[in-house]
Amino acid sequence: IKSVRRAAPRAGIAAYVPTKCPPETQTEFQEAYAALRVLGANRVLESRIPVATAIAQALATGQSLFSPRFRDSKGPGAYLAALDEFLPRLEEVYHA
């Protein structure tokens, strides 16, 4: 951590990415996400990474989540959406 702080002294938390999110129909999740939005203010991404078997399988086997094997999963699209949302924030941080 110290070496990262020396290399990028302005580094901090640019965003929080909600992961392992259950279906949005679960009230408990909605309440937790609303609380996170209050605590994290504008740092919480709208994109949410779902609970997906493909994500676990990709991690367990060392395969890319973006390989054709996992094409039908919601995981790859969720990560791409989070990246699309995160990159402009990152650019703001480093160009400020």
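This text gives an overview of the structure that appears in the document. (Residues numbered from 1 in each chain as written. Predicted model: local features only at pLDDT ≥ 70, side-chain atom pairs only at ≥ 80, totals over all residues. Heavy atoms only, no water.)

### Focus: the packing of aromatic side chains
Phase 1 of the analysis: Overall, the coordinates contain one aromatic pair when judged by the stated rule.
Phase 2 of the analysis: Residues F29 and Y33 carry aromatic rings whose centres are separated by 5.9 Å and whose planes lie at 25 degrees to one another, so their mutual orientation is stacked. One end of the pair, F29, and the other, Y33, are both in helix α2 (residues 27-40), four residues apart, so they sit about a helical turn from each other.
Phase 3 of the analysis: By relative accessible area, Y33 is classed as buried at 7%.
Phase 4 of the analysis: Sitting over the face of the ring of Y33, R48 holds its NZ or CZ atom 3.7 Å from the ring centroid. (Phe/Tyr/Trp six-rings, centres within 6.5 Å; stacked < 30°, edge-to-face > 60°. Helix = DSSP H or I, 4+ residues; strand = E, 2+ residues; numbered from the N terminus. Buried < 20%, exposed > 50% of the residue type's maximum accessible area, 1.4 Å probe, protein only. Lys NZ or Arg CZ within 6 Å of the ring centre and 35° of its normal.)

### What about a nonpolar patch on the surface?
Phase 1 of the analysis: There is a patch of nonpolar side chains on the surface, built from F66, Y79, L80, L83 and L87 and spanning about 450 Å² of accessible area.
Phase 2 of the analysis: Within the fold, L87 resides in helix α4 (residues 75-95).
Phase 3 of the analysis: Accessibility expressed as a relative area gives 38% for L87, which makes it partly exposed. (Patch = residues over 30% accessible without salt bridge, like charges linked within 9 Å, V, L, I, M, F, W, Y side chains within 5 Å. Areas by Shrake-Rupley, 256 points an atom, 1.4 Å probe, with all protein chains shown as cover. Salt bridge = Lys/Arg side-chain N within 4 Å of Asp/Glu carboxyl O.)

### Section: the layout of surface pockets
Phase 1 of the analysis: The calculated volume of the largest pocket comes to roughly 170 Å³.
Phase 2 of the analysis: Taken together, C21, P22, P23, E24, R48, P50, V51 and K74 make up the full set of residues lining the largest pocket.
Phase 3 of the analysis: Residue classes in the lining of the largest pocket are distributed as five nonpolar, no polar and three charged. (1 Å grid on protein atoms, 1.4 Å probe; cavity = no way out; pocket = protein on both sides within 12 Å on 5 of 7 lines; lining within 4 Å. Points joined across faces, edges and corners; volume = space filled by probe spheres on them. Nonpolar A, V, L, I, M, F, W, Y, C, P; charged D, E, K, R; others polar.)

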